[in-house]
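Below are the chains, spelled out letter by letter.
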Amino acid sequence: MAVEGGGTLSELYQRSRRLLLKTRDDLEKLERLATAVDKPELSVSVRRDISQTLTLCSEMDCLWRSVASKPQRDLWKRKVEQVAEEADSLRESLDRYMQRQQRRMQEAQERAELLGRTNGESSHILRIFDEEAQAMESARNSSRMLEEATATGAAILAKYSEQRERLKGAQRKALDVLNTLGLSNSVLRIIERRNRVDQWIKYAGMILTLVIVIVFLRWVR
């Protein structure tokens, strides 16, 4: 069972598990950093990996529904749901971390403003926090774009799955109609041959009639 450009259900599952493991490790590294903006690309990378995992879940969700065996189908359903739950949990952890970092920066900036030092140190501190705030905002914008792209991809995959199920239903109905009528491929071929023979008889009759008319006209003259 495979999807175009994706892989088999098992391959997608293994890829999602590797992404979850990498995301969990990167999130732990992020927690150990003093601030999220010490390495803003890491938080963006974590968000991107979570989005990719959720995209894989959408692809797997389309595939496990097509598994013929019900026990296997139920097993894959539980596996995909587990991956999606872990990805959602990691996303919530990242959101909480980013909120804590944002509050920390805001509190530090307010303390720096209250100091009001005249030797220029305060303005230097404020400039540092401004740069951190800009980096944080850039990371949030990147995360939002990734989530929007993930949601769009999931919607497309869901629509594709729905259309595929409709086509399968139409195919089953057509086969049921054929079975009800007792039509088979051999019968259909016989009907086609009969139609061709009827066409030949019709054309031969037209030609014969034309010849008789011509002969009769010549005989009358």
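Residues numbered from 1 in each chain as written. Predicted model: local features only at pLDDT ≥ 70, side-chain atom pairs only at ≥ 80, totals over all residues. Heavy atoms only, no water.

Caption draft 1: Main features of the packing of aromatic side chains. What the rule picks out here adds up to one aromatic pair. Look at Y13 and W76: their rings are 5.6 Å apart centre to centre, the planes differ by 80°, and that puts the pair in the edge-to-face class. On the criterion of sequence distance, the pair formed by Y13 in helix α1 (residues 9-32) and W76 in helix α3 (residues 70-115) is long-range, its members being 63 residues apart. Given the relative accessible area of 13%, Y13 is considered buried. Over the ring of Y13 we find K79, and its NZ or CZ is 5.2 Å from the ring centre. (Phe/Tyr/Trp six-rings, centres within 6.5 Å; stacked < 30°, edge-to-face > 60°. Helix = DSSP H or I, 4+ residues; strand = E, 2+ residues; numbered from the N terminus. Buried < 20%, exposed > 50% of the residue type's maximum accessible area, 1.4 Å probe, protein only. Lys NZ or Arg CZ within 6 Å of the ring centre and 35° of its normal.)

Caption draft 2: Expanded view of the pattern of salt bridges. Within the structure shown, the criterion is met by 10 salt bridges. The closest approach of N and O atoms between K22 and D49, which form a salt bridge, is 2.7 Å. Within this pair, whereas K22 is found in helix α1, its partner D49 is found in helix α2 (residues 40-64), the two being separated by 27 residues in sequence. For R24, the salt bridge identified is with E86, shortest N-O distance 3.2 Å. (Salt bridge = Lys/Arg side-chain N within 4 Å of Asp/Glu carboxyl O.)

Caption draft 3: Region of interest: the environment of R48. The topology assignment puts R48 in helix α2. Accessibility expressed as a relative area gives 34% for R48, which makes it partly exposed. In this structure, the C-alpha to C-alpha distance between R48 and T23, residues 25 residues apart in sequence, is 9.2 Å.

Caption draft 4: Here's a closer look at α2. If you check α2, its first and last C-alpha atoms are 36 Å apart, about what 25 residues at 1.5 Å a residue would give, namely 36 Å. Counting buried positions over the 25 residues of α2 gives 19, a clear majority of the element. (Expected span 1.5 Å × (residues − 1).)

Caption draft 5: Representation of the nonpolar core within the structure. L9, L27, L30, I50, M60, W76 and L94 are the most contacted members of the largest nonpolar core, which totals 25 residues. Secondary-structure elements contributing two or more residues to this core are α1, α2 and α3. If you tally residues by element for this core, the top one is α2, at nine residues. (Core = buried A, V, L, I, M, F, W, Y, C linked by side-chain atoms within 4.5 Å.)

Caption draft 6: Expanded view of the packing of α2 against α3. Contact geometry of α2 with α3 gives a least axis separation of 10 Å together with a crossing angle of 160°. By the angle class used here, α2 and α3 are roughly antiparallel. Of the two possible hands of crossing, α2 and α3 adopt the one that is left-handed. Split into classes, the residues belonging to the contact of α2 with α3 amount to 14 nonpolar, two polar and seven charged. (Axes fitted to C-alpha atoms, helices over the stretch in contact; angles between N-to-C directions. Parallel < 35°, antiparallel > 145°, perpendicular 65-115°, else oblique. Left-handed = near helix turned anticlockwise from the far one by under 90°. Nonpolar A, V, L, I, M, F, W, Y, C, P; charged D, E, K, R; others polar.)

Caption draft 7: Spotlight on the packing of α1 against α3. Packing of α1 against α3 leaves a shortest axis separation of 11 Å and a crossing angle of 20°. By the angle between their axes, α1 is roughly parallel relative to α3. Crossing handedness for the pair α1 and α3: left-handed. On the side of α1, the interface is formed by L9, S10, Y13, S16, R17, L20, T23, R24, L27, L30 and E31, while α3 contributes W76, K79, V83, E86, A87, L90, S93, L94, Y97 and R100. Taken together, the residues of the contact of α1 with α3 break down into 11 nonpolar, four polar and six charged. (Contact = heavy atoms within 4.5 Å.)

Caption draft 8: Spotlight on the side chain of D49. The exposure class assigned to D49 is buried, which follows from its relative accessible area of 5%. Excluding anything up to four places from it in sequence, D49 contacts L19, K22, T23 and D26.

Caption draft 9: Fine view of the confidence of the model for the protein. Per-chain confidence: the protein averages 75 in pLDDT, with 59% of residues scoring 70 or above. Predicted confidence in the protein is weakest over strand β1 (residues 2-3), with a mean pLDDT of 42, and strongest over α1, with 92. Scored below 50 in pLDDT, residues 1-5 shows 12 contacts in the model against residues more than four places distant or in partner chains. (pLDDT = per-residue confidence, 0-100.)

Caption draft 10: Layout of the environment of M60. By the secondary structure assignment, M60 is in helix α2. Accessibility expressed as a relative area gives 0% for M60, which makes it buried. Through-space distance from the C-alpha of M60 to that of W76 is 8.6 Å; in sequence the pair is 16 residues apart. Not counting residues within four places of it along the chain, the set of residues in contact with M60 comprises L9, L12, Y13, S16 and V80.

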